[in-house]
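Per-entry structural report
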Amino acid sequence: MSYTVENRARYVEELKAYLRIPSISTLSENKPDICRAAEFTAAQLRQAGMRNVELMDGEGNPLVYGEWLDAPGKPTLLFYGHYDVQPPDPLSEWVSPPFEPEIRGENIYARGAADDKGLTLILVKAVEALMATRGKLPVNVKFLIEGEEESGGEHISSYVASKPPRIKADAAVICDTEMFAPELPTLCIGLRGIVYGELTVKGAKQDLHSGVYGGAAPNPMMAVAEILTALKDRDGHILIPGFTDKVQPPAPAEKEAWARLPFDEQKYREEEMGASALTGEPEYTLFERLWARPTLEVHGIRGGFIGEGAKTVIPAQAVVKLSARLVADQEPDEAVKQIQKAVAAACPRGVTAEFKLLHGAAPSLINPDNRFIKAAADAMTEVFGKETVYVRSGGSIPITGLFDQHLGIPSVMMGFGLPDDNLHAPNEKLFLPNFYRGIDAVARYLDIVGEG
Ligand code: BES
Ligand code: MN
Ligand code: MN
């Protein structure tokens, strides 16, 4: 579309302004920035010609809503993205500061570039381009952009669960996933769920001298090690009783399609990951391990002495940030109970161990056999000039399962990030050609859906 080509420089300037707002949802001190990012999102929707744009306040961060419903008889699409971002640390690893967007080569670097401000703006700009050039859209559109996806998405979850007529739609379009490879148009049809919590292990009433008491006192840090190794073995098998019972293996045809994806495992390991070996359950292929098997991971361990030099102390307490990714048909509530039971069973003498849930989300697996996903595949194939591939992703977007569960609509996950975009990591970036082509692909998508 010539309009979208002519307006590229402006799109990038607006994206930069969006990215300068440090809307970190996991840190309470960034609440004012969250509100600024919500306002910015709303202003973008108004500029695109959306009506009834407003911030919807609730228990958590505001939801941003906007709509255009003047295409009677045509389907209604519910566009989803998130304006919140992950914390930027470790700061010293960033080549340019995380909230001072910088273009190097064909990439724009900043926290939130690909996750998810850049992709959210793709949806807005596609709609803006159609409104600006035609004064109308080929379908009805509703935007629901949230500000706490990175911290569990509680507000949007309770909102969607209340089934408000306002967000009634025929399909959801989620722009928060990645393409499998550069230039390769990709639809994501499966996401893992998650349960994220804190494991607190307590021993003596206070820290103790490790010489005076060592040999008699319980050590919560050692207990953590014991408990964790009881939950997962060296080959990556989760040992929690019953945990994998409901796991559905992928259909043979889907597994075969994964095996045909263009993929260089050595490059993945050495360049993208930078690790000396891949790990995980040896009896499953890499894509099964990433997309169709649950995980158990430790994110951080706090407690004891970690200052400079040596201090001989037996810590009184240790806290572990722990999560498990879930796949269909595992259920978050049941997974939490299973973890709690396994923790209790593995807890050594002299300490208490308690796993408390911080947030959870169900896995989602989408049947691609519907016109909204087919139209997306056609639009992407046309704009990128290559056959669209279907993949799953190991990440989680909590709302996806709820669109299906409460609204009964399929989610179309059209993503334009890339595997090396450094999501949640230092030097997050967005490949600008994907930003531009994404806008064209979504605009084309609306036309195809509108044609029926
Ligand atoms: N956009 C990601 C999820 C994602 C990443 C999907 C790559 C597909 C490909 C999302 O913002 C995210 O990071 N989600 C969190 C959810 C959690 C905090 C509840 C995740 O997966 O850790
Ligand atoms: Mn995201
Ligand atoms: Mn994220």
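Further up the page is the structure itself.
These notes cover the structure that comes with them. (Residues numbered from 1 in each chain as written. Chains lettered and ligands numbered in written order. Predicted model: local features only at pLDDT ≥ 70, side-chain atom pairs only at ≥ 80, totals over all residues. Heavy atoms only, no water.)

Strand order in the open sheet formed by four strands is β11-β13-β9-β14, with antiparallel pairing between adjacent strands. In the strand order of this sheet, the two ends are held by β11 (295-303) and β14 (352-361), each with one partner. On average, adjacent strands in this sheet sit at an angle of 20° to one another, irrespective of strand direction. With nine bridges connecting them, strand β9 (residues 193-202) and β14 associate as antiparallel partners. (Pairing = 2+ DSSP bridges. Helix = DSSP H or I, 4+ residues; strand = E, 2+ residues; numbered from the N terminus. Axes fitted to C-alpha atoms, helices over the stretch in contact; angles between N-to-C directions.)

Okay, the site of ligand 1 next. Neighbouring ligand 1 are 18 residues; Glu 149, Asp 176, Arg 325, Ser 396 and His 424 lie closest to it. At 2.7 Å from an oxygen atom of ligand 1 is found a side-chain nitrogen or oxygen belonging to Arg 325. Measuring from a nitrogen atom of ligand 1, one finds a backbone N or O atom of Ser 396 at 2.7 Å. When ligand 1 sits alone it has 520 Å² of accessible area, and the protein chains cover 91% of it. Residue composition of the shell around ligand 1, grouped by class: five nonpolar, seven polar and six charged. No fewer than three residues from each of domain 1 (2-191 + 363-451) and domain 2 (193-250 + 264-361) sit in the shell around ligand 1. (Near = heavy atom within 4 Å. Polar contact = N/O pair within 3.5 Å; in protein donor to acceptor, adjacent residues only side chain to side chain. Areas by Shrake-Rupley, 256 points an atom, 1.4 Å probe, with all protein chains shown as cover. Nonpolar A, V, L, I, M, F, W, Y, C, P; charged D, E, K, R; others polar. Domains from an automatic or database assignment.)

Now for unusual backbone geometry. Of note, the bond from Asp 115 into Asp 116 is cis; its omega dihedral lies within 30 degrees of zero at 5°. Looking at where Asp 116 falls in the secondary structure, it is placed in helix α4 (residues 113-134). With a phi close to 50°, Asn 52 is a non-glycine residue in the positive phi region. Following the sequence through the fold, Asn 52 ends up in strand β1 (residues 51-56). You will see that Asn 427, though not glycine, has its phi angle at about 60°, which is positive. Tracing the chain through its elements places Asn 427 in the loop between β17 (411-414) and β18 (429-431).

Moving on, we get to the coordination of the manganese ion (ligand 2). Four donors placed tetrahedrally around a metal ideally meet at 109.5 degrees, and six donors placed octahedrally ideally meet at 90 or 180 degrees. Within the protein, the manganese ion (ligand 2) binds to His 82 (NE2), Asp 115 (OD), Asp 176 (OD) and Asp 176 (OD); these donor distances fall in the range 1.9 to 2.5 Å. Around the manganese ion (ligand 2) sit six donor atoms; with metal-centred angles ranging over 56 to 164°, the donor geometry is irregular. Along the chain, the residues donating to the manganese ion (ligand 2) fall in the pattern H-x32-D-x60-D. A spacing of 3.6 Å is found between the manganese ion (ligand 2) and the manganese ion (ligand 3), which share Asp 115 as a donor. On the criterion of sequence distance, the pair formed by Asp 115 in helix α4 and Asp 176 in the loop between β7 (171-174) and β8 (186-191) is long-range, its members being 61 residues apart. When its relative accessible area of 7% is taken as the criterion, Asp 115 is described as buried. Given a relative accessible area of 11%, Asp 176 falls into the buried group. (Donors = N, O, S within 2.8 Å, 3.2 Å for Na, K, Ca; no water. Tetrahedral: all angles 85-135°; square planar, octahedral: opposite > 155°, others 65-115°. Buried < 20%, exposed > 50% of the residue type's maximum accessible area, 1.4 Å probe, protein only.)

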